[in-house]
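Residue-level structure breakdown
Each chain, letter by letter, is given below.
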Amino acid sequence: MFFQQGQKGNNKWWIYMLTIFLVLFAYTLGQVPLMTVAQGYIDRNRPDLSIEDFFTNPDFSSIGMSTNLGFLLLLVMFVAAFLALYLSVTVLHKKPFQLLIHAAKSISWSRILFGFFLWLALIGLTELPLYFQNPGNYILTFDTTSFIPLFLISLLILPIQTSFEEVFFRGYLLQGLYLIISHKWAVIVITSLLFMFVHGTNPEIETFGFGIMMAYYFTAGLILAIVTSLDNRLELALGMHAAMNFFGAVFIGYSGGVLQTDSILKATEINPKFMLIGLIISGVIFIAISYKKFSWKIRRLFETDRPENHES
């Protein structure tokens, strides 16, 4: 059982606290390159702008900075956090890192790709009605010179960011909490709430509204956690999360979001309520298709077997 993999290795409570601290420290340290470079551009091109005000809506082009450079530096903090998590799990917890993804010795890349392409297709399909209803809301911003580097960054580096979030929330914290809370739904809800709160500092909160965006982040975390529970492994969620951010970075971006890139299209207006409805519909369809394909058992959502022989 995926939830019970947390009982393996060294699981003293202080190791979890230390790991979380190290991950947060690495994440903060990983922000230094972005903050330093951005401050340099601000000093040269926008001395009237403070670094704090800039990051409330981080439009890198507004300070004369390449959006691809800004995007790459934005991802560095997640690379640092991912490395800290990996070292903490393998060195402090003394357990194989893949246990946070699946109990098998190898990761199922076919599942990751299935999750990626199915979720990518569902996102695109939910966007189509909006496009045909108001095509003028979408501005073509495709530029070969900037798009090729963007595509490579999104293909090679962006998955590190999405994978870190999945492994940390739906892997490390989920399995860790299950050591002390034997109720699966309680763990699913708690990790979804934590996922929501962490995203509470994103620019979208101020741009589109606190309530609707927090509901969006909670729902996204809930769908990913339910998929993980039903599949009894993390690969599908890894693919889904990668597709979500890949779509926003490469295909359709919007102002006021955390991902400011030279995407193919830019939406001038966003309806956050429709975003939430589209997310729920896509989640239901994804679960229905995966239920059939992978012969899921609904009872997996309600299994509450308590792990045995673990350290606390």
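Read on for an overview of the structure. What you are looking at is a predicted structure, and each value in this text was computed from that prediction instead of being measured.

A word on the pattern of salt bridges. Side-chain pairs of opposite charge can arise whenever the charged atoms involved come near each other. Inspection of the entire model under this criterion finds four salt bridges. As a salt-bridge pair, D231 and R111 come within 2.8 Å of each other at their nearest N and O atoms. Taken together, the positions of D231 in helix α10 (residues 210-231) and R111 in helix α5 (residues 109-133) put the pair 120 residues apart, joining distant regions of the chain. A salt bridge links R233 to E235, with the shortest nitrogen-to-oxygen separation between them at 3.0 Å. Just as R233 is buried, E235 falls in that class too.

Core analysis: the largest hydrophobic core is formed by 91 residues, its most contacted members being L85 and W119. Setting aside residues up to four positions removed in sequence, L85 forms contacts with T19, V23, F97, F164, V167, F168 and Y172.

All right, on to the packing of helix α7 (residues 158-178) against helix α11 (residues 235-251) then. Across the interface, α7 lies against α11 with an axial gap of 9 Å and an inter-helix angle of 140°. Taken together, α7 and α11 sit at an angle that is classed as oblique. When you trace α7 past α11, the crossing you get is right-handed. Packed against α7, whose contacting residues are L158, Q161, T162, S163, E165, E166, V167 and R170, the element α11 presents A237, L238, H241, A242, N245, F246 and A249 at the interface.

Right, let's talk about helix α12 (residues 272-293) for a bit. Because an α-helix completes one turn every 3.6 residues, residues spaced three or four positions apart along the sequence face the same direction. The terminal C-alpha atoms of α12 lie 31 Å apart, and with 22 residues this matches the ideal 32 Å at 1.5 Å per residue to within 8%. The elements touched by buried residues of α12 are α5, α9 (203-208), α10, α11 and β2 (252-254). Between the side-chain oxygen of the N-cap and the backbone nitrogen of K273 there are 3.0 Å, and the N-cap of α12 in question is N271. After α12 finishes, the residue S295 shows a positive phi value of roughly 55°.

This brings us to the packing of aromatic side chains. If you walk through the whole model with that rule in mind, you get 30 aromatic pairs. When the ring of F142 is compared with that of F147, the centres are 5.1 Å apart and the planes differ by 55°; the resulting orientation is tilted. For F142, a relative accessible area of 42% translates into the label partly exposed. You can call F147 buried: its relative accessible area is 15%. Among the aromatic residues, those joined into a cluster by ring pairs are Y16, Y27, F78, F164, F168, F169, Y172 and F195. Across from the ring centre of F195, 4.4 Å away, lies the NZ or CZ of R170, which sits over that ring. Positioned over the ring face of F3 is K184, at 4.6 Å from the centre of the ring.

For the rest of this paragraph, the subject is helix α4 (residues 67-92). With 26 residues, α4 extends 37 Å from end C-alpha to end C-alpha; this agrees with the ideal 38 Å at 1.5 Å per step. The N-terminus of α4 is capped by S66, whose side-chain oxygen sits 3.3 Å from the backbone nitrogen of N68.

On the surface, W13, W14, M17, L18, F21, F25, L29 and V32 cluster together into a nonpolar patch covering about 880 Å² of accessible area. Broken down by element, the residue count for the nonpolar patch peaks at seven residues, all from helix α1 (residues 13-29). Relative to the assigned elements, L18 resides in helix α1.

Another point: the packing of α4 against α7. Running from N to C, α4 and α7 cross one another at 40°; their axes reach a closest spacing of 8 Å. Comparing the axis directions of α4 and α7 gives the class oblique. You can see that α4 and α7 cross each other, and the crossing is left-handed. In contact with F71, L75, F78, V79, A81, F82, L85 and V89 of α4, α7 contributes L158, I160, Q161, S163, F164, E165, V167, F168 and Y172.

Conventions and cut-offs
- Residue numbers here run from 1 along each chain, matching the order of that chain's written sequence.
- It should be noted that, the model being predicted, local features are given only for residues of pLDDT at least 70 and side-chain atom pairs only at 80 or more, the latter also being counted only at that level, while totals for whole chains, interfaces and linings use all residues.
- Values shown for side chains rest on all heavy atoms present in the structure; no hydrogens or waters enter the calculation.
- Any carboxyl oxygen of Asp or Glu within 4 Å of a side-chain nitrogen of Lys or Arg constitutes a salt bridge here.
- To qualify as a helix, a DSSP run of H or I must reach at least 4 residues; to qualify as a strand, a run of E must reach at least 2; elements of each kind are numbered from the N terminus.
- Buried, partly exposed and exposed residues are distinguished by accessible area as a fraction of the type maximum, computed with a 1.4 Å probe on protein chains only: under 20%, between the cut-offs, and over 50%, respectively.
- Buried Ala, Val, Leu, Ile, Met, Phe, Trp, Tyr and Cys residues form a nonpolar core when they are joined through side-chain atoms within 4.5 Å.
- Contact definition: two residues touch when any of their heavy atoms are within 4.5 Å.
- A fitted line through C-alpha atoms serves as each axis, taken over the contacting stretch for helices, and the angle formed by two N-to-C directions is quoted from 0 to 180°.
- For this classification, under 35 degrees means roughly parallel, over 145 means roughly antiparallel, 65 to 115 means roughly perpendicular, and everything else is oblique.
- Crossing handedness follows the turn of the near helix against the far one: under a right angle anticlockwise gives a left-handed crossing, and clockwise gives a right-handed one.
- Each helix should span, by expectation, one fewer than its residue count multiplied by 1.5 Å.
- We define a polar contact as two N or O atoms separated by no more than 3.5 Å, with the added condition that, inside protein, one atom must be a possible hydrogen donor and the other a possible acceptor, whereas residues neighbouring each other in sequence contribute only through side-chain atom pairs.
- Centres within 6.5 Å make a pair out of two Phe, Tyr or Trp rings, where for Trp the six-membered ring is used; the pair is then stacked when the planes are under 30 degrees apart, edge-to-face when over 60, and tilted otherwise.
- Charge over a ring is defined by NZ of Lys or CZ of Arg lying within 6 Å of the ring centre and within 35 degrees of the ring normal.
- Only residues whose relative accessible area exceeds 30% and that take part in no salt bridge are eligible for patches, with like-charged residues grouped when within 9 Å of each other and nonpolar side chains (Val, Leu, Ile, Met, Phe, Trp, Tyr) grouped when within 5 Å.
- Every accessible area reported is derived by Shrake-Rupley at a probe size of 1.4 Å, with residue values counting cover from the shown protein chains alone.

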